[in-house]
Amino acid sequence: MLKENFNDLIYLVMVAKERSFTRAAAKLGVSQSALSHAIRALEERLNTRLLTRTTRSVAPTEAGERLIENVAPLFADIEKELVSLSDNLGKTSGNIRITAGEHALSSTLWPLLKPFLQTYPDVNIEFSVDNTLTDIVSGRFDAGVRLGEQVEKDMVAVRIGPDWRMSVVASPAYFAQFGKPETPYELQNHNCINMRLPTRGGIYSWEFNKQGKEIRVKVEGQLIFNNLASRIDAALSGMGVAYVPEDTITHLVDRGDLVRVLDDWCDPFTGYYLYYPSRKQHTAAFAKLIEAVRYQG
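For clarity, every value in this text was computed on a predicted model and none was experimentally measured.

A. Representation of the nonpolar core. One finds V168, W206 and F208 to be the most contacted residues of the largest nonpolar core, which totals 44 residues. Apart from residues no more than four positions distant in its own chain, V168 is found in contact with L187, W206, F208, V241, A242, Y243, V259, R260, V261, L262 and C266. By size, the runner-up hydrophobic cluster in this structure holds 21 residues, among which are M14, A24, A38 and V71.

Okay, structure coming up:
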């Protein structure tokens, strides 16, 4: 019975992970019909419905979830053993899944991992760009990237980049028309380009610090985005004042496309950290990745 169920269980885990027969079939390299047939055959052999299917979604039943929770770690252990064997033979290989925010990936993680991937062509990395505070354990990620202050205390945290700070910017035309704010409080009189927080759905209050005095300003404006590139583009278009990571707009300020204000109120944040579960056993590939991204400053 094990032999005929083995592949079907792998298929079940993938469908549950992707919540889609289409995406699961693509990742497994099989047709949707073959995948659907395999799952139905497994359900018939077990005399239990494992997946609930609708026209819009696929989700495990209670029995399916229980089965997946038990077998998925076993498959992961088998894969680790195979990777470990490759490591012992002197070949660094394997799959690594990392979740990181938009700015963390582009500014810090990706530049560090480009040479790593060229050095180890048999290591595959899947990046999930997500600005939420993702639970890497339930999401089955090997690691995540956050600011140091956001890393949970039961995680191992490895610093991967320097401190950085935010900047308040707008186009020269905007400031020529509406004037420059002299203090953060004056931002309440400006058309500010807001960011919606991914975790609670609220609007991000802009954070400032000067000589130990910390303040948060709730600003208002015509535009709200949940991504960085659109906020910068809106500022370039003269549509308001944006609050964005300094490194993303330095070249635009140097070129005169944007003007930076309130610099003395923008103290640095603690840099980004790669974090992962303290009890997790890692492959040689992951251990080498940690050393490749570890901050040397």
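So much for the structure itself; the text now carries on.
B. Looking closely at a nonpolar patch on the surface. Residues F6, I10 and I78 make up a contiguous nonpolar surface patch of roughly 210 Å² in combined accessible area. Assignment of secondary structure puts I10 in helix α1 (residues 2–18).

C. Layout of the packing of helix α2 (residues 21–28) against helix α3 (residues 32–46). With their axes 9 Å apart at the nearest point, α2 and α3 run at an angle of 105 degrees to one another. By the angle between their directions, the pair α2 and α3 is classed as roughly perpendicular. The residues of α3 that touch α2, namely those facing F21, T22, A24, A25 and L28, are Q32, L35, S36 and I39.

D. Just the pattern of salt bridges, in detail. Tallied over the full model, the rule gives 13 salt bridges. The salt bridge partner of D264 is K210, with a shortest N-O separation of 2.9 Å. Highlighted residues: D264 in the loop between β13 (259–261) and β14 (272–277) and K210 in strand β9 (residues 206–210), separated in sequence by 54 residues. Ionic pairing is found between D263 and R260, a salt bridge with its closest N-O pair at 3.6 Å.

E. Looking closely at unusual backbone geometry. In this structure, R19 takes a positive phi of about 55 degrees despite not being glycine. Here R19 shows up in the loop between α1 and α2. Looking at R19, the relative accessible area reads 41%, which means it is partly exposed. Backbone geometry places Q211, a non-glycine residue, at a positive phi of 50 degrees. With relative accessibility at 79%, the residue Q211 sits in the exposed group.

F. Geometry of the sheet that holds β13. Reading across the sheet, the three strands line up as β12-β7-β13 and stay open at both edges, with antiparallel pairing between neighbours. What marks the edges here is a single partner per strand, and that holds for β12 (242–245) and β13. Ignoring which end each strand starts from, the neighbouring axes of this sheet average 50 degrees apart. Here strand β7 (residues 166–170) pairs with β13 via three bridges, running antiparallel. Paired with V168 across the bridge in β13 is V261.

G. Examining the state of the cysteines more closely. What the rule picks out here adds up to zero disulfides. With no disulfide of its own, C192 lies closest to C266 among cysteine sulfurs, the gap being 12 Å. Under the relative-accessibility criterion, C192 is labelled buried at 0%.

H. Structural view of the sheet that holds strand β5 (residues 143–147). Taken together, the five strands give an open sheet; going across it, the order is β4-β3-β5-β14-β6, and neighbouring strands pair in mixed fashion. Each edge of the sheet is formed by a strand with only one pairing partner; in this case those strands are β4 (123–129) and β6 (155–159). Within this sheet the neighbouring strands show an average axis-to-axis angle of 30 degrees, counted without direction. As paired strands, strand β3 (residues 94–100) and β4 are joined by seven bridges and run parallel to one another.

I. Local environment of the side chain of T108. With respect to the element layout, T108 can be found in helix α5 (residues 102–119). On the basis of relative accessibility, which here comes to 12%, the residue T108 falls in the buried class. If near-sequence neighbours (up to four positions away) are discounted, T108 is found in contact with H103, I160, G161 and Y272.

Rules used throughout
- Residues numbered from 1 in each chain as written.
- Predicted model: local features only at pLDDT ≥ 70, side-chain atom pairs only at ≥ 80, totals over all residues.
- Heavy atoms only, no water.
- Core = buried A, V, L, I, M, F, W, Y, C linked by side-chain atoms within 4.5 Å.
- Buried < 20%, exposed > 50% of the residue type's maximum accessible area, 1.4 Å probe, protein only.
- Contact = heavy atoms within 4.5 Å.
- Patch = residues over 30% accessible without salt bridge, like charges linked within 9 Å, V, L, I, M, F, W, Y side chains within 5 Å.
- Areas by Shrake-Rupley, 256 points an atom, 1.4 Å probe, with all protein chains shown as cover.
- Salt bridge = Lys/Arg side-chain N within 4 Å of Asp/Glu carboxyl O.
- Helix = DSSP H or I, 4+ residues; strand = E, 2+ residues; numbered from the N terminus.
- Axes fitted to C-alpha atoms, helices over the stretch in contact; angles between N-to-C directions.
- Parallel < 35°, antiparallel > 145°, perpendicular 65-115°, else oblique.
- Pairing = 2+ DSSP bridges.
- Disulfide = S-S within 2.5 Å.

So yeah, pure geometry; function would need other evidence.
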